[in-house]
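Chain by chain, the residues run as shown.
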Amino acid sequence: TLEHTGQGGAAVRFSESSGGLLESCLVQHNDIAIAVNDRVRCAVYSSLFQHNQNGAFYACEDIRKEAEVEIVDNTICRNSVLDFQKYGIWLGDRRPPRLTQRGNRENW
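Residues numbered from 1 in each chain as written. Predicted model: local features only at pLDDT ≥ 70, side-chain atom pairs only at ≥ 80, totals over all residues. Heavy atoms only, no water.

A. A look at the side chain of Asn74. In this fold, Asn74 is placed in the loop between strand S9 (68-72) and strand S10 (75-77). Among the residues examined, Asn74 registers a relative accessible area of 0% and is labelled buried. From its side chain, Asn74 meets the backbone oxygen of Val72 in a polar contact 3.2 Å long. In this view, Asn74 contacts Val44, Tyr45, Ser46, Ser47, Phe49, Gly103, Asn104 and Arg105; residues no more than four positions away in its chain are not counted. (Helix = DSSP H or I, 4+ residues; strand = E, 2+ residues; numbered from the N terminus. Buried < 20%, exposed > 50% of the residue type's maximum accessible area, 1.4 Å probe, protein only. Polar contact = N/O pair within 3.5 Å; in protein donor to acceptor, adjacent residues only side chain to side chain. Contact = heavy atoms within 4.5 Å.)

B. Main features of the environment of Thr1. Its location among the elements puts Thr1 in the segment before strand S1 (2-3). In this structure Thr1 comes out as exposed when scored by relative accessible area, which is 64%. Spatially, the C-alpha atoms of Thr1 and Leu48 are 9.6 Å apart, while their sequence positions differ by 47 residues.

C. The arrangement of the sheet that holds strand S11 (residues 98-102) in detail. Ordered by their spatial adjacency, 4 strands build an open sheet running S3-S6-S9-S11, and the pairing between neighbours is parallel. The outermost strands of the open sheet, each flanked by one partner alone, are strand S3 (19-23) and S11. Mean inter-strand twist for the sheet, computed between neighbouring axes without regard to direction, equals 5°. Here strand S6 (residues 41-45) runs beside S9; their pairing, made up of 5 bridges, is parallel. Considered in S9, the bridge of Ala43 is made with Glu70. (Pairing = 2+ DSSP bridges. Axes fitted to C-alpha atoms, helices over the stretch in contact; angles between N-to-C directions.)

D. Quick look at the pairing of strand S5 (residues 32-36). Of all 5 residues in S5, 5 are buried; the element is thus mostly enclosed. Here 3 bridges tie S5 to strand S8 (residues 57-59), and the two strands are oriented parallel to one another. The residue of S8 that forms the bridge with Ile34 is Phe57.

E. Representation of unusual backbone geometry within the structure. With phi around 55°, Ser24 is a residue other than glycine that occupies positive phi space. With respect to the helices, strands and loops of the structure, Ser24 is situated in the loop between S3 and strand S4 (26-28). Relative accessible area serves as the criterion here: at 56%, Ser24 is assigned to the exposed category. In the Ramachandran plot, Asp38 falls in the positive-phi region, its phi being about 55° despite a non-glycine side chain. You can see Asp38 is positioned in the loop between S5 and S6.

Next comes the structure, spelled out in structure tokens:
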């Protein structure tokens, strides 16, 4: 479980040329659940994201064309404190260039 990691940040940040795997986790009560930037290579499988104020994933401004992100079989629900905002998988319009998304359940 990754929760209550502080104001203005992400519970997990995959950055620079790092790689990482997050699997079967509960990520809740954060500003953003996962932030990715630069040339990161990461995968997120079978996890539950809920009550993250600004969404489950965020691609930072310095995301590069080499970045590779795979998001598979996750449940993303109730990721906004405001009823009229329904943030789901991504905050904003920016995405990693090499993105694979499949089998995710959004806004449950």
